[in-house]
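Per-entry structural report
Next come the chains, spelled out residue by residue.
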Amino acid sequence: MKGNGIHMQDNDSTVSTPDNLTERQSNTPQTSGTSTPNTLEQDHKHAFDHTVLEEDYFNERFPGEQTDTDTDTHDTPHDAPHDGRSTFCAILPQRQAVYMEKETKLKLSALAAATLVDAAVLNPKNLSLYPPRSHTPSPGPTDPISGILSAAHGTIGGVVMGVADYPIEITKMAKADRDVAAGLATDFALDSGKGISRIVGTGLKAPMDMTLNISRGFANVPRLYGDNVRDEEKVTGIVSGLGAAGKGFGLGLYDGITGLVTQPMNGAKTGGVGGFFAGLGKGLGGVVCKPAAGAVGLTAYTFKGVYEEVQNKREDHFKSTELARGKSESKACSEADRLNIIDRWYALSHSTQMGEKAKYL
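What you are looking at is a predicted structure, and each value in this text was computed from that prediction instead of being measured.

A separate point is the overall build of the protein. Across its full length, the protein holds nine helices and three strands. Ordered by position from the N terminus, the helices and strands of the protein form the series α-α-α-β-β-α-β-α-α-α-α-α. Contacts in the protein between residues far apart in sequence, at least 24 positions, make up 75% of those at least 6 positions apart. For the protein, the computed accessible surface area is about 18,600 Å², with 60% contributed by carbon and sulfur atoms.

What follows concerns unusual backbone geometry. With glycine set apart, most residues show a phi of negative sign, and most peptide bonds adopt trans. A cis amide bond links Tyr130 with the next residue in sequence, Pro131, at an omega value of 0°. Assignment of secondary structure puts Pro131 in the loop between strand 3 (127-129) and helix 5 (144-175). In this structure, Lys105 is a non-glycine residue whose phi angle is positive, near 65°. Mapped onto the elements of the fold, Lys105 is located in the loop between strand 1 (99-101) and strand 2 (107-108). Lys105 sits in the partly exposed class, given a relative accessible area of 37%. Here Ala120, not a glycine, exhibits a phi torsion of approximately 60°, which is positive. Considering the arrangement of structural elements, one finds Ala120 in the loop between helix 4 (110-118) and strand 3.

Its location among the elements puts Ser351 in helix 9 (residues 335-353). The exposure class of Ser351 is buried, given its relative accessible area of 13%. Among the polar contacts listed, one links the side chain of Ser351 to the backbone oxygen of Ala347, at a separation of 2.9 Å.

Glancing now at helix 7 (residues 196-224). For helix 7, spanning 29 residues, the distance from its first C-alpha to its last is 40 Å, which sits close to the expected 42 Å at 1.5 Å a residue. The largest bend along helix 7 measures about 40° and falls at Lys205, with the proline Pro207 one to four residues further on. Once helix 7 ends, the next one or two residues include Gly226, with phi positive near 85°.

Moving on: the packing of aromatic side chains. Geometrically, a pair of aromatic rings is defined through the distance of the ring centres and the angle of the planes. Across all of its chains, the model carries one aromatic pair by this definition. Between Phe276 and Phe277 the ring centres are 5.3 Å apart and the planes differ by 85°, which places this aromatic pair in the edge-to-face class. Judged by its relative accessible area of 53%, Phe277 falls in the exposed class.

A few words now on the sheet that holds strand 1. Reading across the sheet, the three strands line up as 2-1-3 and stay open at both edges, with antiparallel pairing between neighbours. The sheet is open, and its two borders are formed by strand 2 and strand 3, each paired with just one other strand. Examined bridge by bridge, strand 1 and strand 2 share two bridges and lie antiparallel to one another. Of the residues in strand 2, the one forming a bridge with Tyr99 is Leu108. Sitting on the sheet, helix 8 (residues 238-331) touches strand 1 and strand 3, and the angle it makes with strand 3 is about 115°.

With that settled, consider the confidence of the model for the protein. Chain-level statistics for the protein give a pLDDT mean of 75 and a share of 67% at 70 or above. Helix 8 holds the highest mean pLDDT among the elements of the protein, 93, whereas helix 3 (residues 68-73) holds the lowest, 38. Taken as a whole, residues 1-85 scores under 50 in pLDDT and shows 169 contacts with residues more than four places along the chain or in a different chain.

So, on to the nonpolar core. For soluble globular proteins, nonpolar side chains are generally found buried alongside one another. Ranked by internal contacts, the top residues of the largest apolar core, which has 25 residues, are Ile91, Tyr99, Leu108 and Leu116. Among the elements of the structure, helix 4, strand 3, helix 8 and helix 9 are those that each provide at least two residues to this core. If you tally residues by element for this core, the top one is helix 4, at seven residues. Apart from the residues within four sequence positions on either side, Leu116 is in contact with Ile91, Leu108, Val121, Leu122, Ile341, Ile342 and Trp345. Membership of the second largest hydrophobic core comes to six residues, among which are Leu212, Ala244, Ala300 and Tyr301.

Before going further, it helps to spend a moment on the packing of helix 4 against helix 8. The axes of two packed helices give the description: the angle between them and the distance between them. Taken N-terminus to C-terminus, the directions of helix 4 and helix 8 make an angle of 80°; their axes are 7 Å apart at the nearest point. Taken as axis vectors, helix 4 and helix 8 run roughly perpendicular relative to one another. Touching Ala110, Leu111, Ala113, Ala114, Thr115, Val117 and Asp118 of helix 4 are Glu322, Leu323, Arg325, Gly326, Lys327, Glu329 and Ser330, all from helix 8. Looking at side-chain class alone, the contact of helix 4 with helix 8 contains six nonpolar, three polar and five charged residues.

What counts, and at which threshold
- Residues numbered from 1 in each chain as written.
- Predicted model: local features only at pLDDT ≥ 70, side-chain atom pairs only at ≥ 80, totals over all residues.
- Heavy atoms only, no water.
- Helix = DSSP H or I, 4+ residues; strand = E, 2+ residues; numbered from the N terminus.
- Contact = heavy atoms within 4.5 Å.
- Areas by Shrake-Rupley, 256 points an atom, 1.4 Å probe, with all protein chains shown as cover.
- Buried < 20%, exposed > 50% of the residue type's maximum accessible area, 1.4 Å probe, protein only.
- Polar contact = N/O pair within 3.5 Å; in protein donor to acceptor, adjacent residues only side chain to side chain.
- Expected span 1.5 Å × (residues − 1).
- Bend = angle between axes of the 7 residues up to and from the residue.
- Phe/Tyr/Trp six-rings, centres within 6.5 Å; stacked < 30°, edge-to-face > 60°.
- Pairing = 2+ DSSP bridges.
- Axes fitted to C-alpha atoms, helices over the stretch in contact; angles between N-to-C directions.
- pLDDT = per-residue confidence, 0-100.
- Core = buried A, V, L, I, M, F, W, Y, C linked by side-chain atoms within 4.5 Å.
- Parallel < 35°, antiparallel > 145°, perpendicular 65-115°, else oblique.
- Nonpolar A, V, L, I, M, F, W, Y, C, P; charged D, E, K, R; others polar.

Following this line, the structure appears as structure tokens:
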């Protein structure tokens, strides 16, 4: 450490969860090793023991560059996302980015974002969590049988992982002289993605995973014999989930029934008699699989909509929590530090808008 800089250590440990929220929650200052919610306040005080930021926190970092600090404290876990872009704050590059400004696409730490919001430089509505949660549908299973097996495997795996969390968490709490029962209860209350929280979450997701995989499996069967399949609708909340359910059911019936006529006709045009019978086979397959996919999808996409809505609420809560944490960190900084953050923001946002800092995009 040099000067009177804040000594900030990173904890890049990532907990494998079905969504990206827990990954963002793990990007907090290095704690005393217990990683339990009971120690967060105590560790926060140790993480910020000075009132002046180090000058290195304002140094610019280019893609591909590695500093001694990166080598020592920023070892990226194998299961962390690698998208070829920096996951560090553009203003304070030794801190993990938890926000992205929507217009400039600049990534910001909680401290930088809170300082800019307090100074009325940024509107909180222009901040989105980083990395963002993807709503792009997965390809899905090739048939309903493999869909059932895949969903069952995921559910059983989640429960087993939840059970396996207990010895690890209990050992951590015992070493920290913490009350084990209280610690486990707190983990569950805060939805930590470990132990009973993971088990309960997996159980609640099981009906959605099962019905969604069955629906996708039926929808993908026509691909096996060369028939066309509609793209799956993106579901971002309860409204889009209900819309996808209704649209999938209606189009499934339409495509299945009309395919009995259009498929043989198209086959006869391109392949004569043989093409006619091939098209008839496609039509018969479609009249079974496509309506079935739509019917199961009524339940599946409704569940999916509810699930995404809950995730949206969790992200809103996490966004507010991180901003509050950033504000407390900002208060611990000097006025000069806050002005440096603001000046750095204006310089970077201007450069980005001028197209001179494409690495931040």
